[in-house]
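Results of the structural survey
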Amino acid sequence: MHKHGRKKTFGFATRAIHVGNDIDQDSGAVKRPITMANSYALPYDPTDVNWSSAEGNLYTRNGGTNQKYLQERIASLEGGEDCVVLASGVAALSGLFFALLNAGDHVIFSNVTYIAAYRLLNELFKNKFGVESTLVDTSDPANVLAAIRPNTKLIHIETPGNPTLTISDISAIATIAHENGALLSVDNTFASPFNQRPIELGADFVIESLTKYINGHGDSMGGAIVGKTEHLDSIRSQSQINLGGTISPFNAWLIMRGSVTLPLRMRQHNENALEVAKWLEAQPGVSFVAYPGLENDPGHEVAVRQMSPGFGGVLSFGLKADHNTHNRFVSNLQVITSAVSLGHDESLIVFLGEKDERQYLYPKRFSNGFFRFSVGLEDKEDIIEDLKQALEKCGLYE
Ligand SMILES: *Cc1c(COP(=O)(O)O)cnc(C)c1O
């Protein structure tokens, strides 16, 4: 309707509210409803219907209304032509790899990524389907260039990387990919499209775990692949319709609702995380803080170039203490919850011990065990006070 014609020229916050929403034709409601149907009425003569088509409303695995609204919004926020939403971030990662990669192809990927990306590329696609892969420290683009082979089809990076916050230069790596006939995908989950838009920096695909910042309230799961229509049509057909990792209309609706406040929430996550990172950095009991917003962070210079207005809400840090003291510190926290996931309204912390199977891939300062800390939207004074009293109880506050 009238709202949609000019949507591309509107600012981020306006698009986060309006794109994908419209007046409901049936009721006049100002919010589109949830359609909890798995099937849609067929035409008078259905014999010409393509049962594997994503066009029109046919069957919810092929695409339903709430999925479509969410796809429209995420594509707009990421600055991409098209989007496929699936049941989880991992469904988006595996859906992209499944649609794109064939036996004999080669993939280069960041040595610090979400664990499932590592498993898919380092083990499953390699061992089951004969897709070659090379793990690379992508924080230096020269390492990417050195790993290129004639059959390199895809470069997959995560920046900031989970859990070390390692930063990779998106536009430099996009140039390397395109000069060598490869495609670039970027997992943008830690930054969210509010802080970083990889497609504008030259990436071909963006992956988002919608479970995290875009939903933002810790109450549903989803994933997105954003890119060009020519690629996305094939991904939709192979990985949505034929693999079937469909998102439920209810979760798509929840994520749509959460995404409305993404700009407001991210501004506060950015502010809280930077303040907490600076506070932690000044504590004698803290061994290190990894956060791209800190001026002495190894990724800071590149992060300033490609992230704006902020650096996201996740940081990692360690204590000058043994394994058990790390656990004791967490058990003393009263505001911050010990749980996996990130990007929720509430602060979440997870202790990643020194025996993590991927320790050998992390920078040295992570080798004694560390915390991944998703700084929430609580008052930052309360977050800092919580950290302070827990340090005190461990004898680590001076
Ligand atoms: C959580 C996460 C994923 C996986 O998303 P799910 O929604 O949990 O499947 C992928 N990438 C990153 C960077 C993540 O943090």
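Rules of the game
Residues numbered from 1 in each chain as written. Predicted model: local features only at pLDDT ≥ 70, side-chain atom pairs only at ≥ 80, totals over all residues. Heavy atoms only, no water. Near = heavy atom within 4 Å. Polar contact = N/O pair within 3.5 Å; in protein donor to acceptor, adjacent residues only side chain to side chain. Nonpolar A, V, L, I, M, F, W, Y, C, P; charged D, E, K, R; others polar. Domains from an automatic or database assignment. Contact = heavy atoms within 4.5 Å. Buried area = accessible area lost by both parts, 1.4 Å probe. Salt bridge = Lys/Arg side-chain N within 4 Å of Asp/Glu carboxyl O. Helix = DSSP H or I, 4+ residues; strand = E, 2+ residues; numbered from the N terminus. Axes fitted to C-alpha atoms, helices over the stretch in contact; angles between N-to-C directions. Left-handed = near helix turned anticlockwise from the far one by under 90°. Pairing = 2+ DSSP bridges. Right-handed = clockwise from strand over helix to strand, strands pointing away.

**Digging into the site of the ligand**
Around the ligand, 15 residues are found, and the nearest of them are Gly89, Asp187, Ser209, Thr211 and Lys212. Contact between the ligand and Gly89: an oxygen atom at 2.9 Å from a main-chain N or O atom of the residue. In this structure, Val90 approaches the ligand through a main-chain N or O atom, which is 2.9 Å from an oxygen atom. Broken down by class, the residue content of the shell around the ligand amounts to five nonpolar, seven polar and three charged.

**Looking at the domain arrangement of the chain**
The accessible area lost on association of the parts is a frequent measure of interface size. Domain annotation of the chain identifies domain 1 (12-259) and domain 2 (262-393). Here domain 1 and domain 2 have C-alpha centroids that lie 27 Å from each other. In this assembly, 40 residues from domain 1 lie in contact with 40 residues from domain 2. Here domain 1 packs against domain 2, burying approximately 3,200 Å² in sum over the two surfaces, 60% of which is carbon and sulfur. It is Phe194, Asn195 and Tyr213 that lose the most area in domain 1 upon contact with domain 2, and together they represent 24% of the buried surface on that side. The interface formed by domain 1 and domain 2 includes two salt bridges. Residue Glu357 is joined to Arg119 by a salt bridge in which the shortest nitrogen-to-oxygen separation is 2.8 Å. Counting across the interface, domain 1 meets domain 2 through 17 residue pairs in polar contact (both at pLDDT 80 or more). For the side of domain 1 that touches domain 2, the elements supplying multiple residues, two or more each, are α1 (12-18), α4 (115-129), α7 (192-195) and α9 (249-259).

**As for the packing of helix α3 (residues 89-100) against α4**
Interhelical geometry of α3 versus α4 gives an angle of 35 degrees and a closest axis separation of 10 Å. Crossing hand, α3 versus α4: right-handed. Between α3, through Val90, Leu93, Ser94, Phe97 and Phe98, and α4, the contact on the second element is made entirely by Ala116, Ala117, Leu120, Leu121 and Phe125. Broken down by class, the residue content of the contact of α3 with α4 amounts to nine nonpolar, one polar and no charged.

**Some remarks on the pairing of strand β3 (residues 132-136)**
Put simply, side chains in a regular strand alternate between the two faces of the sheet. Sheet topology places strand β2 (residues 106-110) next to β3; five bridges connect them, and they run parallel. Note on β3: the bridge partner recorded for Ser110 is Val136. You can see the chain leave β2, run along α4 and come back into β3, and the turn it takes is right-handed.

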